[in-house]
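Here is how the chains run, residue by residue.
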Amino acid sequence: MSPNPPAAVIVLAAGEGTRMKSAALPKVLHTLCGRSLVGHAVAAAQELTPEHLVVVVGHMRDKVAAHLAETDPSVRAVVQQEQLGTGHAVRVALEALAADGVVLDGTVVVSYGDVPLLTAATLRQLTAAHLADGNAVTVLTAEVPDPAGYGRILRAADGAVQAIVEHKDASDAERAIAEINSGVYAFDGKLLAEGLGEVRTDNSQGEEYLTDVLGILRESGHRVGALVADDFRDILGINDRVQLAETRRIMNDRLLDAAMRAGVTVVDPATTWLDVQVTFERDAVVLPNTQLQGSTSLGEGSEVGPNCTLKDTRVGAGAHVSNATADRAVVGAGAEVGPYAYLRPGTVLGERSKAGTYVEMKNAVVGAGSKVPHLSYVGDATIGEGTNIGAASVFVNYDGVNKHHTTIGSHCRTGSDNMFVAPVTVGDGVYTAAGSVIYKDVPAGALGVTRPQQRNVEGWVERKRPGTAAAAAAAAARAGQTSTEDPEATEAAPGA
């Protein structure tokens, strides 16, 4: 539990975000490194272990509330029916809690659903400074390279906040101030409720502004303090898709930095992209042009890349994955994947197994040491240990209506260009002949063969394709040697 947890965290996420130019999503549901914008705000807030976590929703409220219920059911969504200002949004949240008999006695943190870089560490610093200084409200501020457009923080001699002056209202001297207001606050809960009760709407927008509470509390003799964020980028909000991309780059750089400092080799950070839930063990190596998404994890000494996209995939210690795509798959320790392989959901590769070049797998469990090296599709199947699947094999799992399962035993050697027509079981130690269609069960230790007799029709090319290069080559070959082949059909050996 976080020391001195706040009584509540209120995340404001009711706005439409018109500059995102999206008809399908409200701004706070756009994603960044595997998590929605509001999801980042909720995750940071949850690390403070607040007694109550409230998200104020408005635009497309049903979508936002459903998303919150799915990702974190402990969050309470409160509806702001009309977007009448930040002060009104906070008041709606407090009234909803009060209706449930909640009396907020302690710190109330107010943050936003579109500030995804704001970390739990910064919020902890804010609440700690708020309590240590005995403030009625503490403003999170930042010193930025270009403060144009932001409200400036005016401080008294003792460091307390005297006022927040909007850019348009600031003098030249005030505009020279680099410290700006983030809009994120830590309040004394009781004083916040009292201050909101005095907020007026006699402004050009007819709205209740949360910033007015600061002036009200200060005029009542209470101290208004401020904490400067260590990294000004923590407070950057997102208003359009350009800022979304810029923020994604910043967050990705933070994730890569943390991974490398924890013992992961990232060969080319510029072309490597991570989601926030990705985890690593030491000495993992990530090669260029690789995307690791969702809850993907890389085991100790594993190597992924180049040119890989892994989503919700677990890669075991010492495994190698090259030029591959994997979705909800498990790659066992020491296994090899690729190049140019596709592991679909439900694929589980055992230790030291292989899914090789141009191999696709789906809902397939491959035993330890088994290999599917080349040009094959394995779907809805179980393969035992130490088995080799021949090149160009297809597990025929779909009859047009239902999917069926194939079982291949341990220590089997299946021939190239085999079709396994499910449902079918191939026993342990089985060999199958090249070109076979296996549609009946093969008992342990047997040779499975389904192959017609081969016929060689002498002189066919010269008779049927006269004038072609093939016919000329055949004639030259026939003229230069006496054919010893039996023109009668012969039975081909059932080579595996």
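Now for a look at the structure at hand. As the structure is a prediction and not an experimental result, all values here were calculated from the model.

Attention now goes to the sheet that holds strand E21 (residues 320-321). Taken in spatial order, the seven strands make up an open sheet running E12-E15-E18-E21-E24-E27-E29, and their pairing is parallel. A single partner strand is all that each edge strand has here, and the edge strands are strand E12 (265-266) and strand E29 (371-374). In this sheet, strand E18 (residues 303-304) lies alongside strand E15 (residues 285-286) in parallel orientation, the contact comprising two bridges. Bridged to Val285 within E18 is Glu303.

Our next topic: the packing of aromatic side chains. Throughout the structure, instances matching the rule amount to three aromatic pairs. With a centroid separation of 5.5 Å and 50 degrees between ring planes, the pair formed by Tyr185 and Phe187 is classed as tilted. Here the two residues Tyr185 and Phe187 agree in accessibility, since each one is buried. Note on Phe395 and Phe420: the rings are 5.0 Å apart at their centroids and 40 degrees apart in plane angle, and the pair reads as tilted. Remark: Phe420 occurs in strand E33 (residues 419-421) and Phe395 occurs in strand E31 (residues 394-396); sequence separation between them is 25 residues.

To continue, consider the environment of Ala93. Within the element layout of this structure, Ala93 appears in helix H3 (residues 86-99). For Ala93, a relative accessible area of 0% translates into the label buried. C-alpha separation for the pair Ala93 and Ala44, spaced 49 residues apart in sequence, amounts to 19 Å. Those residues within four positions of Ala93 in sequence are excluded, and the remaining contacts are Ile10, Val54, Val56 and Val78.

What follows concerns the pairing of strand E9 (residues 161-165). Of the strand pairs in this sheet, strand E8 (residues 152-155) and E9 are connected by four bridges, and their pairing is antiparallel. Looking at the pairing, Arg155 lines up with Val161 of E9. Connecting E8 to the antiparallel partner E9 that follows it, the hairpin turn spans five residues, and Gly159 within it adopts a positive phi of roughly 90 degrees.

Take Gln293: it is sitting in strand E16 (residues 290-293). Placed 16 residues apart in sequence, Gln293 and Gln277 show a C-alpha to C-alpha distance of 7.7 Å. Ignoring anything within four residues of it in the chain, the contact list for Gln293 reads Asp275, Val278, Thr309, Leu310, Lys311 and Asp312.

This brings us to the side chain of Asn181. Looking at the secondary structure, you find Asn181 in strand E10 (residues 179-188). On the basis of relative accessible area, Asn181 is assigned to the buried category, the value being 13%. Among the polar contacts listed, one links the side chain of Asn181 to the backbone nitrogen of Gly183, at a separation of 2.9 Å. Once residues lying within four places of it in the same chain are set aside, the contact partners of Asn181 are Val139, Leu140, Gly151, Ile153, Ile164 and Thr211.

In this section: unusual backbone geometry. A negative phi angle characterises most non-glycine residues, just as the trans form characterises most peptide bonds. The linkage connecting Gly305 with the following residue, Pro306, adopts the cis geometry, with an omega of 0 degrees. Tracing the sequence through the fold places Pro306 in the loop between E18 and strand E19 (308-311). For the bond running from Ala422 to Pro423, omega is 0 degrees, close enough to zero to count as cis. Here Pro423 shows up in the loop between E33 and strand E34 (424-426). Even without being glycine, Asp380 reaches a positive phi, approximately 50 degrees. For Asp380, the position within the fold is in strand E30 (residues 377-383). Here Asp380 falls in the buried class, since its relative accessible area comes to 8%.

Okay, the pattern of salt bridges next. Where charged atoms of side chains with opposite charge meet at close range, the side chains can pair. Taken as a whole and judged by the stated rule, the model has 20 salt bridges. With its nearest N and O atoms 2.2 Å apart, the salt bridge here joins Arg76 to Asp100. One end of the pair, Arg76, is in strand E5 (residues 76-79); the other, Asp100, is in the loop between H3 and strand E6 (107-112), with 24 residues separating them in the sequence. Classification of Arg76 as partly exposed rests on a relative accessible area of 30%. Between Arg282 and Glu300 there is a salt bridge; the shortest N-O distance is 3.4 Å. In this pair, Arg282 sits in the loop between strand E14 (279-280) and E15 while Glu300 sits in the loop between strand E17 (297-298) and E18, placing the two residues 18 residues apart along the sequence. Judged by relative accessible area, Glu300 falls into the partly exposed class, the value being 34%. When salt bridges with common partners are traced through the structure, they connect Asp231, Arg233, Asp234 and Arg254 into a single cluster.

Counting residues in each nonpolar core, the largest one holds 69 residues, and the members touching the most others are Val38, Val55, Val90, Phe187, Leu192 and Leu210. In terms of residue count, the dominant contributor to this core is H3 (seven residues). In this structure, Ala284, Ala364, Val378 and Val426 belong to the second largest nonpolar core, which totals 44 residues.

Rules of the game
Every chain's residues receive numbers from 1 upward, in the order its sequence appears when written. Given that the model is predicted, a residue must reach a pLDDT of at least 70 before its local features are reported, and side-chain atom pairs must reach 80 or more before they are shown or counted; all residues, however, enter totals for whole chains, interfaces and linings. The basis for the side-chain values is all heavy atoms of the structure; hydrogens and waters are excluded. At least two bridges found by DSSP between two strands is the condition for calling them paired. Labels follow the DSSP assignment, with helices taken as runs of H or I lasting at least four residues and strands as runs of E lasting at least two, numbered in each case from the N terminus. Aromatic contacts are taken between Phe, Tyr and Trp rings whose centres are within 6.5 Å, Trp giving its six-membered ring; a plane angle under 30 degrees counts as stacked, one over 60 as edge-to-face, and the others as tilted. Each residue's exposure class comes from its accessible area (1.4 Å probe, protein chains only) as a fraction of the maximum for that residue type: buried when under 20%, exposed when over 50%, partly exposed otherwise. Contacts are assigned to residue pairs that have any heavy atoms within 4.5 Å of one another. Contacts described as polar in this section are N or O atom pairs within 3.5 Å, which, within protein, must combine one atom able to donate a hydrogen with one able to accept it, while residues neighboring in sequence count only if both atoms come from side chains. Within this document, salt bridges are pairs made up of a side-chain nitrogen of Lys or Arg and a carboxyl oxygen of Asp or Glu, the two lying within 4 Å of each other. Here, the term nonpolar core denotes a set of buried Ala, Val, Leu, Ile, Met, Phe, Trp, Tyr and Cys residues that are joined through side-chain atoms within 4.5 Å.

This is a description of form; function is not addressed.
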